[in-house]
Amino acid sequence: MDILAKIAEQKIREAMERGEFDNLPFHGVRIVPEDLSGVPEELRMGYKVMKNAGILPQEMQLKKEMVSLQQLLDACEDDVEKKRLQKKLNAKAIRFNMLMEKRSKGSAYQKYQAQIMQLLG
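Positions within a chain are numbered from 1, following the residues in the order the chain's sequence is written. The model is predicted, so local features are restricted to residues of pLDDT at least 70 and side-chain atom pairs to those at 80 or more, both for listing and for counting; the totals for chains, interfaces and linings are taken over all residues. To get the side-chain values, all heavy atoms of the structure are used, and hydrogens and water are removed first.

This part is about the pattern of salt bridges. A pair is scored as a salt bridge if a Lys or Arg side-chain nitrogen falls within 4 Å of a carboxyl oxygen belonging to Asp or Glu. For the structure shown, the criterion picks out six salt bridges. In this structure, the salt-bridge partner of Glu34 is Lys48, at a minimum N-O distance of 2.8 Å. Residue Glu34 is found in the loop between helix 1 (3–17) and helix 2 (44–52), and its partner Lys48 is found in helix 2; the two are separated by 14 residues along the sequence. Burial status follows relative accessibility: with a 1.4 Å probe on protein chains alone, a residue under 20% of its type maximum counts as buried, one over 50% as exposed, and anything between as partly exposed. A relative accessible area of 32% places Glu34 in the partly exposed class. Of the charged contacts in the structure, one is a salt bridge between Arg84 and Glu81, with a shortest N-O distance of 2.6 Å. Taken together, the residues Arg84 and Glu81, both in helix 4 (residues 79–104) and three residues apart, mark about one turn of the helix. Under the relative-accessibility criterion, Arg84 is labelled partly exposed at 41%. A run of H or I in DSSP counts as a helix once it spans at least four residues, and a run of E counts as a strand once it spans at least two, with each numbered from the N terminus.

Structure, rendered in structure tokens:
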């Protein structure tokens, strides 16, 4: 063990003895590791960073917007508004399909295509 690790370990023990960790949020709550088996190994770190920052990958954001537009379209009764919403939905679908076609050329996508399609369902 290097000197920095020993110093850190000593500081942690001292803080524990003083009870500095006793009233932390989630104290005593079991942490369940996140299942990242559906994410290719080379993309996991980027996925975690984006998830922790509250950012969706571009294809997931487009899919989310498409679902919202479809719900608005289903509830819409005005013909002019329906056409406007349908046009927006079509544009998003084209962008999504182009993005997916571009990504399909990468080996990670080809390896996990079935899992990705199941998630996008």
